[in-house]
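These are the residues of each chain, in order.
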Amino acid sequence: MASGQAKRVALSSLIHYNELNIIKSEAMKDLHLYLHIPYCQAKCPYCHFFSETPPQATLPLNSYAQYLQQDLIQKKREFSLNNHQVKSIYFGGGTPTLLPIQELSDILFYIQQLWPIAPHCEITVESNPHSLTLIYLKHLLNLGITRLSLGIQTFQPHLQEILQRKADFSKVKELVTLCQEKSVACGLDFIYGLPEQNLDDLRADLQLIQELPLSHLSFYELELHEGTPIKDWKDQQKYNFPEQEQIIEMYQLLYQELKKQGWEHYEISNYAKNKQYSQHNLNFWLGNDYLGAGASAGSRLYAQSVQNNHNLKNPPDKQTFTKAENTIQYLMGRLRLNIGLDFKDFETGLAEQMQKLAGTWPAVDFQENNQEKLILNENGWLKYDYYLNELAQICYDYYGES
Ligand code: SF4
């Protein structure tokens, strides 16, 4: 009898404990962290992201982990991010693998001191295959990273020369193979629409890709940002830049060929095998919050945009999204995805106006266009800006923010 009572007590306290845990985990929100590492060996002529070249960098490389730690502590306090668990960590840049491995290890340690880490937390590190060594990658894998993202841009030597980049195919193969051996997802990033690039250059890259055990690919159209050398080259007609028609042909070649290779085109510029999507980026495209830390890092938190400055000395610039802007943030990401948007996510009156307009659009641009969902297809993604602007205008009008 006594032991039976003891058992009941033990069982009830176990249930109580489990209930508490369920309540705790239900209340626990997911936190997605972006950590900007602002160092590069050299500045690429097309790049507009903030990065500096050590040893001239404003913030010393060997103590950058401490700057990040302070920034994370400050933002956790300011935005009351107590009841959160870390669901993804993304080391972007810059070239995060220029940091001494001990600094990266310290950053992960600081994060664990601030928040619990969710099971299956995705930890991505961006890198440049030219400077990443196999030894460094082994250390990275020992730290528990789950994804490596390598910036390639192009494998074609004459284009690499223009971009002042080096990505040796056999070196990339070694890096990717090591990831595969350790069951770590690996993706490559490319740019198309490059000066002097033609369809054959892209075909050659697509051929090489087939030789690699990859789980993820990004193909971004070249953007010409003011203040970058590549923008000046275009203005000065230093090289032949593909015309818009050729860029469309490149986009079409990419998705048609990659589909034949078994890739899922899950986002306007991104492809995955076996549903190995970038969870961190997916969270961003879904319009959810993320916390950015480090020099020039941006965050989206509680309907606010928070933008760090370059030296982390002055407080970040903050801007609260208006209702229309907040809705457009959602539209911007969801229209990029092959799951599109749900009209039930909008206020009824706004959804009705959107549905009415969408009903006039050509079926050829949509995977789905009905009372529930709006999903662009590859044809429609070519007109992404047009559809986004049309829906954005409805939002501004609806909320009286025109
Ligand atoms: S390595 Fe990457 S982040 Fe650095 S300058 Fe080049 S493109 Fe920009």
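1. What about the domain arrangement of the chain?
Piece 1. For the chain, the domain assignment lists domain 1 (27-285) and domain 2 (323-402).
Piece 2. Contacts between the two partners involve nine residues from domain 1, matched on the other side by eight residues from domain 2.
Piece 3. The set of elements that each furnish at least two residues to the side of domain 1 that touches domain 2 consists of helix 9 (244-260), strand 7 (264-267) and helix 10 (279-285).
Piece 4. Looking at the side of domain 1 that touches domain 2, its residues break down into seven nonpolar, one polar and one charged.

2. A look at the environment of Cys 40
Piece 1. Looking at where Cys 40 falls in the secondary structure, it is placed in the loop between strand 1 (29-37) and helix 2 (64-78).
Piece 2. Classification of Cys 40 by C-beta neighbours within 10 Å gives buried; the count is 21.
Piece 3. For the pair Cys 40 and Gln 66, spaced 26 residues apart in the sequence, the C-alpha separation amounts to 19 Å.
Piece 4. In this structure Cys 40 touches Ser 51, Thr 53, Gly 94 and Thr 95, once residues within four positions along its chain are discounted.

3. Remarks on the site of the ligand
Piece 1. Near the ligand you find Cys 40, Lys 43, Cys 44, Cys 47, Phe 49, Ser 51, Gly 93, Gly 94, Thr 95, Asn 128 and Gly 151, and these make up its full shell.
Piece 2. The residue makeup of the shell around the ligand, split by class, is four nonpolar, six polar and one charged.

4. Some thoughts on helix 11 (residues 323-334)
Piece 1. An ideal rise of 1.5 Å per residue puts 16 Å on twelve residues; helix 11 measures up with 17 Å between its terminal C-alpha atoms.
Piece 2. Of the positions making up helix 11, those classed as buried are Ala 324, Thr 327, Ile 328, Leu 331 and Arg 334. Across the axial projection of helix 11, the buried residues extend over an arc of 130°, all falling on one side.

5. Structural notes on unusual backbone geometry
Piece 1. Along the chain, Pro 54 connects to Pro 55 via a cis peptide bond; the corresponding omega equals 5°.
Piece 2. With respect to the element layout, Pro 55 can be found in the loop between strand 1 and helix 2.
Piece 3. Cis peptide bonds are those with omega within 30 degrees of zero, and the linkage from Gly 93 to Gly 94 qualifies with 20°.
Piece 4. Tracing the sequence through the fold places Gly 94 in the loop between strand 2 (84-93) and helix 3 (101-114).
Piece 5. Of note in this structure, Leu 312 is not a glycine but carries a positive phi near 60°.
Piece 6. Looking at where Leu 312 falls in the secondary structure, it is placed in the loop between strand 11 (304-307) and strand 12 (317-320).
Piece 7. Here Leu 312 falls in the buried class, since 22 other C-beta atoms lie within 10 Å of it.

6. With respect to the sheet that holds strand 13 (residues 341-342)
Piece 1. Across the sheet, which stays open at both edges, the three strands sit in the order 13-15-14 with antiparallel pairing between neighbours. Sheet topology places strand 13 and strand 14 (366-369) at the edges, where each strand pairs with a single neighbour.
Piece 2. Of the strand pairs in this sheet, strand 14 and strand 15 (residues 373-376) are connected by three bridges, and their pairing is antiparallel. Directly across from Phe 366, in strand 15, lies its bridge partner Leu 376.

7. Here we look at the confidence of the model for the chain
Piece 1. Predicted confidence across the chain gives a mean pLDDT of 93, with 94% of residues reaching 70 or more.
Piece 2. Note on residues 1-24: pLDDT is under 50 here. Beyond four places in sequence and across chains, it has zero contacts.

8. Observations concerning the sheet that holds strand 10 (residues 298-301)
Piece 1. If you trace the three strands from one edge of the open sheet to the other, you get 10-11-12, paired in antiparallel fashion. Looking along the sheet, the strands with just one partner apiece sit at the ends: strand 10 and strand 12. Each neighbouring strand pair of the sheet contributes to a mean axis angle of 15°, computed without reference to strand direction.
Piece 2. As paired strands, strand 10 and strand 11 are joined by four bridges and run antiparallel to one another.

9. Some words on the environment of Gly 294
Piece 1. Examined against the element boundaries, Gly 294 turns out to sit in the loop between strand 9 (291-293) and strand 10.
Piece 2. Classification of Gly 294 as buried rests on a count of 25 C-beta atoms within 10 Å.
Piece 3. In this structure the C-alpha to C-alpha distance between Gly 294 and Lys 383, which are 89 residues apart in sequence, comes to 34 Å.

10. Examining the pairing of strand 6 (residues 216-221)
Piece 1. Relative to strand 6, strand 5 (residues 185-192) runs parallel, the two being bridged by six bridges. If you follow Asp 189 over to strand 6, its bridge partner there is Ser 218.
Piece 2. Chirality of the crossover, the property in question, places the unit of strand 5, helix 7 (residues 199-209) and strand 6 among those that are right-handed.
Piece 3. One ladder, built from three bridges, connects strand 6 with strand 8 (residues 270-272); its direction is antiparallel. From the neighbouring strand, His 216 faces strand 8, where its bridge partner is Ala 272.

11. So, the pairing of strand 1
Piece 1. In terms of burial, strand 1 is a largely internal element, seven of the nine residues being buried.
Piece 2. Bridge count between strand 1 and strand 2: nine bridges; the pairing is parallel. By the bridge assignment, His 36 is partnered in strand 2 with Gly 92.
Piece 3. Assessed by its sense of winding, the connection that carries the chain from strand 1 through helix 2 to strand 2 is right-handed.
Piece 4. As paired elements, strand 1 and strand 9 share three bridges and run parallel to each other. Its bridge partner lying in strand 9, Leu 33 is registered against Leu 291.

About the criteria used
Each chain carries its own residue numbering, running from 1 in the direction its sequence is written. Only residues with pLDDT of 70 or above have their local features reported here, since the model is predicted, and side-chain atom pairs are shown and tallied only from 80 upward, although totals for entire chains, interfaces and linings are computed over all residues. Where each domain starts and ends comes from a domain assignment, either automatic or drawn from a database. Residues are treated as contacting if the C-beta atoms built from their backbones sit within 7 Å of each other. Secondary structure is summarised from DSSP: a helix means a run of H or I of at least four residues, a strand means a run of E of at least two, and numbering begins at the N terminus for each. Asp, Glu, Lys and Arg are counted as charged, while Ala, Val, Leu, Ile, Met, Phe, Trp, Tyr, Cys and Pro are counted as nonpolar; the rest, among them Gly, fall into the polar class. Any residue with 12 or fewer other C-beta atoms within 10 Å of its own C-beta is exposed, any with 20 or more is buried, and the rest are partly exposed; the C-beta atoms used are placed from the backbone. Nearness here is judged by the C-beta atom: place it from the backbone, and if it falls within 6 Å of a molecule or strand, the residue counts as near that partner. To estimate the expected span of a helix, count its residues, drop one, and scale the result by 1.5 Å. To be clear, the arc concerns the directions from the helix axis to the C-beta atoms. Two strands form a pair only when DSSP identifies at least two bridges running between them. The predictor's confidence in any single residue is recorded as pLDDT, a number from 0 to 100. For helices, the axis comes from a line fit to the C-alpha atoms of the stretch in contact; other axes are also lines fit to C-alpha atoms, and the angle between any two N-to-C directions lies between 0 and 180 degrees. Every crossover in which the path from the first strand over the helix to the second runs clockwise, viewed with the strands pointing away from the viewer, is termed right-handed.

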